[in-house]
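Working through the structure, step by step
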Amino acid sequence: MNQGILALVSSIGCTSAGSLQSLADAMHIPHLFIQRSTAGTPRSGCGLTRSNRNDDYTLSVRPPVYLNDVILRVVTEYAWQKFIIFYDSEYDIRGIQEFLDKVSQQGMDVALQKVENNINKMITTLFDTLRIEELNRYRDTLRRAILVMNPATAKSFITEVVETNLVAFDCHWIIINEEINDVDVQELVRRSIGRLTIIRQTFPVPQNISQRCFRGNHRISSTLCDPKDPFAQNMEISNLYIYDTVLLLANAFHKKLEDRKWHSMASLSCIRKNSKPWQGGRSMLETIKKGGVSGLTGELEFGDNGGNPNVHFEILGTNYGEELGRGVRKVRLDTLINVFFS
């Protein structure tokens, strides 16, 4: 870093991001933070400290976590009054505390259960420890459930509860995760019975096929711009945002050169104690914030609070049924607004 730095790009967890935020603020270096979750588990809000002063140099590339709002709107639309939330071992359950507080105030009956890594052992223990009447009550609880977990765990969990007859064709389960791709959707539907609703983040794709690989003057590799390409299907959302961030920075640097407003790069050293804040940091930050770019994730831009406001979700669902491998279609819930769903 002592050779020069124009901006920091990080794709890490919340704890490490806080440390980089402190460094960026102190040295006046633009920091573009891309939140990354563990193994595809749904994100929890980071809660990075924000200020309205000029010493806030961190920009949040990924949009805020809307999990609390999404779950509340969906269960309200479906008029659920009693349900259970399953979450995997990597998910920080404090991420939905706001939702739990609101449903408690509304008198909903909500249970929580952590899904262990050894799902088969977890299910076997239920059958070994619960009496018949207790098991029947548990089956009744499973009629309405929300799964907050990574796709791989969700597939294994659904397979176990279906094969052990813990759920019947009258159940309705909701899976919420930004990181669910088309292959995951087909697998989840194939393994489930009853009604399944899947909510995931989606990105706008140009309708004109010939234009899908072009963003302004930039041409994107065909393996990335085709949403049906296996490579693109398996990319984590964080990596899509990394691609767009690099594109955004390239445009910002070009803009600086074009306007003849280039600054000498910041020099950082972990040895010298007299490192001073970068004089060109504020100007570079403003250029990045005003730039914006159309990339793999749609429009990447920043609001006054340093966050990216652009996010769209879609709802996919099946009808009730006993057969495995039912068809899946897009679902439109009338009360959900475009800020959350498209």
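Procedures and definitions
Residues numbered from 1 in each chain as written. Predicted model: local features only at pLDDT ≥ 70, side-chain atom pairs only at ≥ 80, totals over all residues. Heavy atoms only, no water. Helix = DSSP H or I, 4+ residues; strand = E, 2+ residues; numbered from the N terminus. Buried < 20%, exposed > 50% of the residue type's maximum accessible area, 1.4 Å probe, protein only. Pairing = 2+ DSSP bridges. Axes fitted to C-alpha atoms, helices over the stretch in contact; angles between N-to-C directions. Phe/Tyr/Trp six-rings, centres within 6.5 Å; stacked < 30°, edge-to-face > 60°. 1 Å grid on protein atoms, 1.4 Å probe; cavity = no way out; pocket = protein on both sides within 12 Å on 5 of 7 lines; lining within 4 Å. Points joined across faces, edges and corners; volume = space filled by probe spheres on them. Nonpolar A, V, L, I, M, F, W, Y, C, P; charged D, E, K, R; others polar.

In the nomenclature of an unreviewed UniProt entry, the chain is known as Glutamate receptor delta-2 subunit of Lynx pardinus.

1. Quick word on the environment of Asn165
With respect to the helices, strands and loops of the structure, Asn165 is situated in the loop between helix H6 (151-163) and strand S7 (172-176). Among the residues examined, Asn165 registers a relative accessible area of 54% and is labelled exposed. The spacing of Asn165 and Arg139 is 26 residues in sequence and 8.8 Å in space, taken between C-alpha atoms.

2. Quick word on the sheet that holds strand S2 (residues 31-33)
Strand order in the open sheet made by the 3 strands is S1-S2-S3, with parallel pairing throughout. Taken across any chain shown, the strands that pair with only one partner, and hence form the sheet edges, are strand S1 (8-10) and strand S3 (58-60). Looking at each pair of strands side by side, their axes are set apart by 20 degrees on average, direction ignored. As paired strands, S1 and S2 are joined by 3 bridges and run parallel to one another.

3. Focus on the packing of aromatic side chains
Considering all chains together, one arrives at 7 aromatic pairs under this definition. Between the aromatic rings of Phe86 and Phe157, the centroid separation amounts to 4.7 Å while the plane-to-plane angle is 55 degrees, which identifies the pairing as tilted. With Phe86 in strand S4 (residues 82-88) and Phe157 in helix H6, this residue pair connects regions lying 71 residues apart in the sequence. A connected cluster of aromatic rings, assembled from ring pairs, spans Tyr78, Trp80, Phe83 and Phe99.

4. Overview of empty space enclosed by the protein
Tallied over the full model, the rule gives 3 cavities of 30 Å³ or more. Considered as a void within the structure, the largest cavity measures approximately 90 Å³ in volume. Along the walls of the largest cavity sit Pro42, Arg43, Val65, Tyr66, Leu67, Val70, Ile176, Asn177, Glu178, Ile199 and Phe313, which together make up its complete lining. The residue makeup of the lining of the largest cavity, split by class, is 8 nonpolar, 1 polar and 2 charged. Considered as a void within the structure, the second largest cavity measures approximately 60 Å³ in volume. Lining the second largest cavity, in full, are Ile158, Val161, Val162, Val167, Cys171, Trp173, Ser192, Ile193, Arg195 and Leu196. Elements that contribute at least two residues to the lining of the second largest cavity include exactly H6 and strand S8 (195-202). Each residue belonging to the lining of the second largest cavity can be placed in one class, and the counts come to 8 nonpolar, 1 polar and 1 charged.

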